[in-house]
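Spelled out from the first residue to the last, the chains are:
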Amino acid sequence: MQPVKGDPTTPDQSDEGVFCAVYREFSPAVLSYLRARGLEDPEGTTQEVFLALHPQLGQVRGGPKGIKSLVFSIAHARYVDEQRHRSKAPQTTGYDPEADPRSDPSAEDQVLASESTANVKALLGTLQQDQQEVLALRIVADLSLETTAEIMGKTPGAIKQLQRRALCRLRKLRHLLREGA
């Protein structure tokens, strides 16, 4: 190979300069090739290609065509390695909590499943207006004590007390409702 001024493959340039020039020239095409082949980590594999190329760069013959041929030979070999690895690896699937029979329903789901909407409305209707409002703001709207107190014009302590009394009353009435059914 004859040294050509400005050619990144000439031996008169430093190894680092040659490697950088080769990387700038061919890495976008290698990355595109690996992406088109469907690799899981095309960026990482592109880096592996150039890490494998670096020690061989001094022995390459054929100028830019020889370098390009070597770069894509390494890229193809990495692609084949990835395919082999995939074929030997077990298939994985994402976790779907809805399809997992081992999970238990939350307390909220249990209550909703055991009480019909009509029963829940009837139970809530037995509460004082302030208690209904506190439950709506604290549980349904998921507001803090302070925010609920500010909205209702009460102290946080008064909100805690209203919520506690409302929940206690609902527990008692729910048991009575079940016994009567």
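It should be noted that the structure appears before, not after, this text.
Keep in mind it's a predicted model, so treat the numbers as computed, not measured. (Residues numbered from 1 in each chain as written. Predicted model: local features only at pLDDT ≥ 70, side-chain atom pairs only at ≥ 80, totals over all residues. Heavy atoms only, no water.)

## What about the overall build of the protein?
Then, number 1: Counting its regular elements, the protein contains eight helices and zero strands.
Then, number 2: When the helices and strands of the protein are placed in sequence order, the string is α-α-α-α-α-α-α-α.
Then, number 3: When contacts within the protein are restricted to residue pairs at least 6 apart in sequence, those whose partners lie at least 24 apart make up 55%.
Then, number 4: Carbon and sulfur atoms make up 53% of the accessible area of the protein, which amounts to about 12700 Å² in all. (Helix = DSSP H or I, 4+ residues; strand = E, 2+ residues; numbered from the N terminus. Contact = heavy atoms within 4.5 Å. Areas by Shrake-Rupley, 256 points an atom, 1.4 Å probe, with all protein chains shown as cover.)

## Concerning helix α3 (residues 63–88)
Then, number 1: For α3, with 26 residues, the first-to-last C-alpha span of 38 Å sits near the 38 Å given by 1.5 Å per residue.
Then, number 2: On the buried face of α3, the contacting elements are α1 (15–36) and α2 (42–53). (Expected span 1.5 Å × (residues − 1).)

## Things to note about unusual backbone geometry
Then, number 1: Phi at D142 is positive, roughly 60°, even though this residue is not glycine.
Then, number 2: Take D142: it is sitting in the loop between α6 (129–140) and α7 (145–152).
Then, number 3: On the basis of relative accessible area, D142 is assigned to the exposed category, the value being 65%. (Buried < 20%, exposed > 50% of the residue type's maximum accessible area, 1.4 Å probe, protein only.)

## Quick look at the packing of aromatic side chains
Then, number 1: Per the stated rule, a full pass over the model turns up four aromatic pairs.
Then, number 2: Between F19 and F50, the ring centres sit 6.4 Å apart and the planes meet at 75°, which makes this aromatic pair edge-to-face. In this pair, F19 sits in helix α1 while F50 sits in helix α2, placing the two residues 31 residues apart along the sequence. Like F19, the residue F50 is buried in the burial classification.
Then, number 3: Considering the side-chain rings of Y23 and F50, the 4.9 Å spacing of their centres and the 75° angle between planes classify their relative orientation as edge-to-face. Separated by 27 residues along the polypeptide, Y23 in helix α1 and F50 in helix α2 bring together distant segments of the chain.
Then, number 4: Take Y23: its relative accessible area is 27%, and that puts it in the partly exposed class.
Then, number 5: Every member of this aromatic cluster is reached through a ring pair, and the members are F19, Y23 and F50. (Phe/Tyr/Trp six-rings, centres within 6.5 Å; stacked < 30°, edge-to-face > 60°.)

## A short note on the pattern of salt bridges
Then, number 1: In total, this model carries six salt bridges according to the counting rule given.
Then, number 2: A salt bridge links R86 to E82, with the shortest nitrogen-to-oxygen separation between them at 3.5 Å. Pair noted here: R86 and E82 are both in helix α3, with a separation of four residues, about one helical turn.
Then, number 3: Given the relative accessible area of 28%, R86 is considered partly exposed.
Then, number 4: Within this structure, E40, E82 and R86 form a network of salt bridges that share partners. (Salt bridge = Lys/Arg side-chain N within 4 Å of Asp/Glu carboxyl O.)

## Some words on the nonpolar core
Then, number 1: V22, F50, L53 and V71 are the most contacted members of the largest nonpolar core, which totals 19 residues.
Then, number 2: Contributing elements (two or more residues each) for this core: α1, α2 and α3.
Then, number 3: With residues near it in sequence (within four places) discarded, V71 still touches V22, F26, V30, V49, F50 and L53.
Then, number 4: Membership of the second largest hydrophobic core comes to seven residues, among which are L137, M152, I159 and L162. (Core = buried A, V, L, I, M, F, W, Y, C linked by side-chain atoms within 4.5 Å.)

## A short note on the environment of E43
Then, number 1: The residue E43 is located in helix α2 in this model.
Then, number 2: Between the C-alpha atom of E43 and that of P28, which follows or precedes it by 15 residues, the distance is 9.9 Å.
Then, number 3: Once residues within four sequence positions are removed from consideration, E43 is found in contact with L31 and R35.
Then, number 4: There is a polar contact of 2.7 Å between the side chain of E43 and the side chain of R35. (Polar contact = N/O pair within 3.5 Å; in protein donor to acceptor, adjacent residues only side chain to side chain.)

## Considering the environment of T126
Then, number 1: Note that T126 resides in the loop between α5 (117–125) and α6.
Then, number 2: Owing to a relative accessible area of 36%, T126 belongs among the partly exposed residues under this scheme.

In short, geometric facts, not functional conclusions.
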